[in-house]
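The primary structure of each chain is shown beneath.
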Amino acid sequence: MHISEIGRMAMLGEWLDMIERFSGEANHLDQRSAAAEALSASRLLTWCMDTASVGPEETTAAVRGWLIALMLLQDDDEEVRIGIAVAVSEAVSGAKGDAGVQPSKAIELLLDHMTCKFENHPLYVKFLLSVVGAKEEGREEHVADDVMTRRLFEKECDNFQAEELLMMQCCALHVRRLGAGGSFLRAVERLRAYVDGDAARLGEKTDWAGGVSSRSDVFAEMYRLVLGVYASMPEAGQGGDEGASGRDALEAVCKSLVEQRTHLLLRSGLMQVVTTCGADSAASVLRGQDECSKLDGLSLMFLTSEQGGSMSA
């Protein structure tokens, strides 16, 4: 690479560092707005559309730009979200001026675009897995019930546009499409370890209405792990010995979920997973719970279902 090109990429990297820093939700609105306007004006999102004709440094810079745009699409300010949604839709469609879409739709377009253009780029896959993957090392310990109760009333600190569960499901869908979900059996074992470990221990001492899985922190972690199973699962009858072992392990997981009276939405979501991967014995365990049949049309896995997407995408 020519020395002037090296200098240009270094400057671009510093600029991206600054934009990324100012895009964080903890920053003042003026800083976030300036970051969104700068990213849109830079035309970085239209750069590297043909990834085969550019080098790895340029591609990495483009991936960083798109991930910053994804962050801004979830900004708490409506003008910031709409402005970056226009930039994203223009970049994806190639049209200008009349290409605006709702920010929620722009998130879908953005992830579809990144999966198509950047496929298994390490930075993109790392982001997807950071959203879907189990939080093992460095995961915070679950707090006491009284602390969780106080958190429910700290909504002034929340960003209502950052839908954690929706983003988990979107990322799981794309991890599966890319085939980057890793070991199916390991994903099932992670879910089983959490259900029989942290969740079970906390359930023994909680007074939380609806059971421990109704706590937001436990619900989110368990949902993340269910999506991890979805992202890595083989189709029915496939996956060889590991697939068979994973299906057998799912039966034990489902029995524990039923015994713990785990939240109905979680059990219903897992029902879709075990049915699709052909874990008939696990499905039988869940099917014995009449409550699961009451959730037709109200699936926790909507985007990965036949109505919202495709479980086998």
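Provided above is the structure to which this section pertains.
Here's what I pulled together on the structure shown here.

1. Observations concerning the overall build of the protein chain
What the protein chain contains, in helices and strands, is 13 helices and 0 strands. Along the protein chain, helices (α) and strands (β) appear in the sequence α-α-α-α-α-α-α-α-α-α-α-α-α when read from the amino end. Relative to its 313 residues, the protein chain shows a buried fraction of 45%. Taking all contacts inside the protein chain whose residues are at least 6 apart in sequence as the whole, residues at least 24 apart take part in 75%.

2. Describing the packing of helix H2 (residues 29–42) against helix H4 (residues 78–93)
The axes of two packed helices give the description: the angle between them and the distance between them. Contact geometry for H2 and H4: axes closest at 9 Å, N-to-C directions at 10 degrees. Relative to H4, H2 is oriented roughly parallel. In this structure, H2 uses Leu29, Arg32, Ser33, Ala36, Leu39 and Ser40 to contact H4, whose residues at the interface are Val80, Gly83, Ile84 and Ala87. The class makeup of the residues in the contact of H2 with H4 is 6 nonpolar, 3 polar and 1 charged.

3. Topic: H4
Relative to the 22 Å expected for 16 residues at 1.5 Å per residue, H4 spans 22 Å between its end C-alpha atoms, a close match to the ideal helical length. For H4, the full list of buried residues reads Val80, Arg81, Ile84, Ala85, Ala87, Val88, Ser89, Glu90 and Ala91. Contacts made by the buried residues of H4 are with H2, helix H3 (56–72) and helix H5 (103–117). Where H4 begins, the side chain of Asp77 points an oxygen toward the backbone nitrogen of Glu79, at a separation of 3.1 Å. In the segment just after H4, Gly94 is the residue with positive phi, at about 80 degrees.

4. Considerations on H5
Here H5 is 15 residues long and its end C-alpha atoms lie 20 Å apart, about the 21 Å a rise of 1.5 Å per residue gives. The complete set of buried residues in H5 reads Pro103, Ala106, Ile107, Leu110, Leu111, His113, Met114 and Thr115. Those residues of H5 that are buried lie in contact with H3, H4, helix H6 (122–132) and helix H8 (164–178). Following H5 by one or two positions, Glu119 has its phi on the positive side, about 40 degrees.

Rules and cut-offs
- Residues numbered from 1 in each chain as written.
- Predicted model: local features only at pLDDT ≥ 70, side-chain atom pairs only at ≥ 80, totals over all residues.
- Heavy atoms only, no water.
- Helix = DSSP H or I, 4+ residues; strand = E, 2+ residues; numbered from the N terminus.
- Buried < 20%, exposed > 50% of the residue type's maximum accessible area, 1.4 Å probe, protein only.
- Contact = heavy atoms within 4.5 Å.
- Axes fitted to C-alpha atoms, helices over the stretch in contact; angles between N-to-C directions.
- Parallel < 35°, antiparallel > 145°, perpendicular 65-115°, else oblique.
- Nonpolar A, V, L, I, M, F, W, Y, C, P; charged D, E, K, R; others polar.
- Expected span 1.5 Å × (residues − 1).
- Polar contact = N/O pair within 3.5 Å; in protein donor to acceptor, adjacent residues only side chain to side chain.

It is worth stressing that arrangement in space is one thing and function is another; only the former is reported here.
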